[in-house]
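As a plain string of letters, each chain reads:
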Amino acid sequence: MKAKARAHANIALIKYWGKADEALIIPNNSSLSLTLDAFYTDTHVHFDEHLAEDEFILDGKSDPKTLVKISKFADLFRAIKGINTRVRVKSVNHVPTAAGLASSASGFAALGVAINAALDLNMDAEVLSTYIRQGSGSATRSVYGGLVEWQKGSNTTDSKAVFIDDATFDLGMVIVVIDKDEKTISSRVGMQHTIETSPYYTLWAKDSARDLEAMKEAISNKDIDHIGSIAEHNALKMHATMMSANPAIIYMQPDSLKAIQMVQAMRNEGLTAFIAMDAGPNVKIVCKLSESDQIVSRLKTTFKDEQIIVSGPGPDAYVLEE
Ligand code: PMV
C-alpha cells in the first residue's frame, strides 16, 4: 500500500472566493484555472500497519499543523477502503527558487492521486477531484493539466474538475514574487469574512458566472488578449470585494502595485500582459509565452532575477514510478 504521485499547481483565471458549504468545500461560484509547469509537488504515501499515528514530512521536516488536515483527508479514502491503517506521507515542493509559492493545490492533488494508487481505488480524475476538493478547494483543479474548470455543482459528487483545453496555444504566465512569507489571513478565513461583511459579495459571485462564460468563449477562440483581460477584471473584482469587507482585507503590498503599473505600461506598448492576483501580494501576469522574454526584461528593471518566474501550461497529475 505505497505509491508516489506528482501534481502541478494552478492559478485561477476565474477565481474561487467563497463557499456555499464550509464542511464539504462546495463553492459559491465555478472557477477556471491554468495548471502551471513550473511548480509541482511530489508526494509519497505508505499505509503501514506498524504505524500508530499518521505522519507528515514536508520538504524533510515534520509539519504537525498540516498533519491534522492530512489525517482528515486520508480518512475519506480509508472509509471507502474499509481500513484504519495509518499513513506516512512525504511531500517535496518543487519551485524554481525559494519563492514561497508552494501551494495547497498541488499538495492535496498529489496526495489524492498517490492515495488512489496506493489503495487501488481506481477512481478516474473527475471522481478523484471530488475527494481532492475536500482537502483544499483550489486543489480540485490540479487533477488536470492545461485549462480546467471547477464546476461548483450543488453536492459532493457534482462539485468537480472538468478538463477544458491543453492550453498549448502560446498561453503562459510570469510570476512576480513580492513576498514569500505565509499570508496573514488564510483564504478560508478571508472568504468567510468577505461573505459575512462585504455588501458587494453577492454581486461578485453573480458577475463571476458571466466572466466564466466569456472566458470559455475566449479559450475556444484561443484569444489570449481576451483571456487576459477577462482574468484581470475578474481578479481585481475579487480584490475589490475583499477590500469592501469590514474590516477590509488587503493582500496587495506597495510592490504589488508597482508590478501592476508596469503591466499597464507594457500593455500600452503593445504587449499582451494582464494581472491575475490571488489571496496574497504576489503578482501573476497572464501573457503570451512568445513575449515572456520581453516582459521579464522589463520587470528586471525593478525586480530581482529570483523574483521572476516564467511558466507554461503543466500536465495532468500522475503516478510516478517509485
Ligand atoms: O482553495 P484555497 O484555500 O487554496 O483558495 C483559493 C483562493 C484563490 O487562490 C484566491 C482563488 C483560486 O481560485 O485559486
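Definitions and cut-offs
Sequence positions are assigned chain by chain, starting from 1 and proceeding in written order. This being a predicted model, a pLDDT of at least 70 is required before a residue's local features are given, and a value of 80 or more before pairs of side-chain atoms are given or counted; all residues contribute to the totals for chains, interfaces and linings. Excluded from the side-chain calculation are hydrogens and water; included are all heavy atoms of the structure. Numbering of helices and strands runs from the N terminus; a helix is a DSSP stretch of H or I covering at least four residues, while a strand is a stretch of E covering at least two. A radius of gyration in this sense is built from C-alpha atoms; the matching globule rule multiplies 2.2 Å by the number of residues raised to 0.38. Buried residues are those whose accessible area, probed at 1.4 Å on protein chains only, stays under 20% of the maximum for their type, while exposed residues exceed 50% and partly exposed ones sit between those limits. What makes two residues a contact is simply this: any of their non-hydrogen atoms within 4.5 Å. Here, Shrake-Rupley sampling with a 1.4 Å probe gives the accessible areas, and only protein chains in the shown set may cover a residue. Neither His nor the chain ends contribute to the count of charged residues, in which Lys and Arg are positive and Asp and Glu negative. A single reference atom marks each charge: NZ on Lys, CZ on Arg, CG on Asp, CD on Glu. Strand pairing is assigned whenever DSSP identifies at least 2 bridges connecting the two strands. Here an angle of 0 to 180 degrees is reported between the N-to-C directions of two axes, which are lines fitted to C-alpha atoms, with helices fitted over the stretch in contact. A cutoff of 4 Å decides nearness: a residue is near a molecule or strand if any of its heavy atoms lies inside that distance of it. A 3.5 Å cut-off defines polar contacts: any pair of N or O atoms within that distance qualifies, except that in protein one atom must be a possible hydrogen donor and the other a possible acceptor, and neighbouring residues in sequence count only when both atoms are side-chain atoms. By definition, a salt bridge exists where a carboxyl oxygen of Asp or Glu is found within 4 Å of a side-chain nitrogen of Lys or Arg. Note that the domain bounds reflect an automated or database-derived domain assignment. Accessible area that two parts lose when put together, evaluated with a 1.4 Å probe and summed over both, is termed the buried area. Just so you know the grouping, Ala, Val, Leu, Ile, Met, Phe, Trp, Tyr, Cys and Pro go in nonpolar, Asp, Glu, Lys and Arg go in charged, and all remaining residues, Gly too, go in polar.

Chemist: What am I meant to see in the overall build of the protein chain here?
Modeler: Helix and strand content of the protein chain: eight helices and 14 strands. The C-alpha atoms of the protein chain give a radius of gyration of 19 Å, which matches the 20 Å a tight globule of 322 residues would have. Principal-axis analysis of the C-alpha atoms places the extent of the protein chain at approximately 60 × 40 × 40 Å. The proportion of buried residues among the 322 residues of the protein chain is 54%. A fraction of 75% describes how many contacts in the protein chain between residues 6 or more apart in sequence connect residues 24 or more apart. Carbon together with sulfur atoms contributes 50% to the accessible area of the protein chain, which is approximately 13900 Å² in total. In the protein chain, the 33 positive side-chain charges and the 41 negative ones have mean positions that sit 3 Å from each other.

Chemist: Just checking my understanding: could you explain the sheet that holds strand β11 (residues 273-275) for this structure?
Modeler: Each strand in a sheet pairs with another by means of backbone hydrogen bonds, the pair being arranged parallel or else antiparallel. Spatial ordering of the open sheet is given by β11-β12-β10-β13, a layout of four strands whose pairing is antiparallel. Both outer strands of the open sheet, β11 and β13 (308-311), are each paired with one neighbouring strand and no more. For this sheet, the mean angle separating the axes of adjacent strands, direction not counted, is 25 degrees. Of the pairings in the sheet, the one linking strand β10 (residues 171-176) to strand β12 (residues 283-288) comprises six bridges and is antiparallel in character. Across the sheet, residue Val174 finds its bridge partner in β12, namely Ile285.

Chemist: I keep staring at the pairing of β12 and nothing clicks. Help me out?
Modeler: In regular strands, side chains alternate between the two faces of the sheet. Most of β12 sits inside the fold, with five of its six residues counted as buried. Where β11 meets β12, three bridges bridge the pair, whose relative direction is antiparallel. Bridge pairing in β12 links Phe274 to Val286.

Chemist: I would appreciate a short explanation of the site of the ligand in the present structure.
Modeler: Near the ligand lie 14 residues; those nearest to it are Ala12, Tyr16, Ser138, Arg141 and Ser187. One nitrogen or oxygen atom from the main chain of Tyr16 is found 2.9 Å from an oxygen atom belonging to the ligand. Ser138 is positioned such that a nitrogen or oxygen atom in its side chain is 2.8 Å from an oxygen atom of the ligand. Here the ligand loses 87% of its free accessible area of 380 Å² to cover by the protein chains.

Chemist: Just checking my understanding: could you explain helix α3 (residues 125-132) for this structure?
Modeler: Owing to its 3.6 residues per turn, the α-helix aligns residues three or four sequence positions apart on the same side. For α3, the set of buried residues is Leu128, Ser129, Thr130 and Ile132. Looking at the buried side of α3, the elements it contacts are α1 (64-81), α2 (104-118) and β9 (160-165).

Chemist: When you look at the pattern of salt bridges in this model, what are you seeing that I'm missing?
Modeler: Note on pairing: side chains with opposite charge can pair once their charged atoms come close. Within the structure shown, the criterion is met by 18 salt bridges. Across the salt bridge formed by Lys160 and Glu126, the nearest N and O atoms sit 3.2 Å from each other. Of this pair, Lys160 sits in strand β9 while Glu126 sits in helix α3; the two residues are 34 residues apart in sequence, bridging distant segments of the chain. Of the charged contacts in the structure, one is a salt bridge between Asp255 and Lys258, with a shortest N-O distance of 3.5 Å.

Chemist: Teacher, can you tell me more about unusual backbone geometry here?
Modeler: It is generally the case that most residues other than glycine have a negative phi and that most peptide bonds are trans. The omega torsion of the bond from Asn246 to Pro247 falls at -5 degrees, within 30 degrees of zero and hence cis. Tracing the sequence through the fold places Pro247 in the loop between α6 (224-243) and α7 (254-268). At Asn122, a position not held by glycine, the phi torsion is positive, near 55 degrees. You will see that Asp170, though not glycine, has its phi angle at about 85 degrees, which is positive. When you line up the elements, Asp170 lands in the loop between β9 and β10.

Chemist: Sorry, what's going on with the domain arrangement of the protein chain here?
Modeler: One frequently used descriptor of interface size is the decrease in accessible area upon assembly of the parts. Per the domain assignment, the segments of the protein chain are domain 1 (2-167) and domain 2 (171-311). For domain 1 versus domain 2, the separation of C-alpha centres amounts to 23 Å. On the side of domain 2, 42 residues touch domain 1, which itself brings 32 residues to the contact. Where domain 1 abuts domain 2, roughly 3000 Å² becomes buried across the two surfaces, and 70% of that area is made up of carbon and sulfur atoms. Taken as a group, Leu13, Lys15 and Trp17 account for 29% of the area that domain 1 buries against domain 2, more than any other trio of residues on that side. Taken together, the links from domain 1 to domain 2 amount to three salt bridges. Among the ionic pairs, Glu149 bridges to Lys216, the shortest N-O distance being 2.8 Å. Listed by contribution, the elements that provide at least two residues to the side of domain 1 that touches domain 2 are β1 (2-14), β4 (31-47), β8 (147-151) and β9. At seven residues, β4 tops the list of elements feeding residues into the side of domain 1 that touches domain 2. Split into classes, the residues belonging to the side of domain 1 that touches domain 2 amount to 18 nonpolar, seven polar and seven charged.

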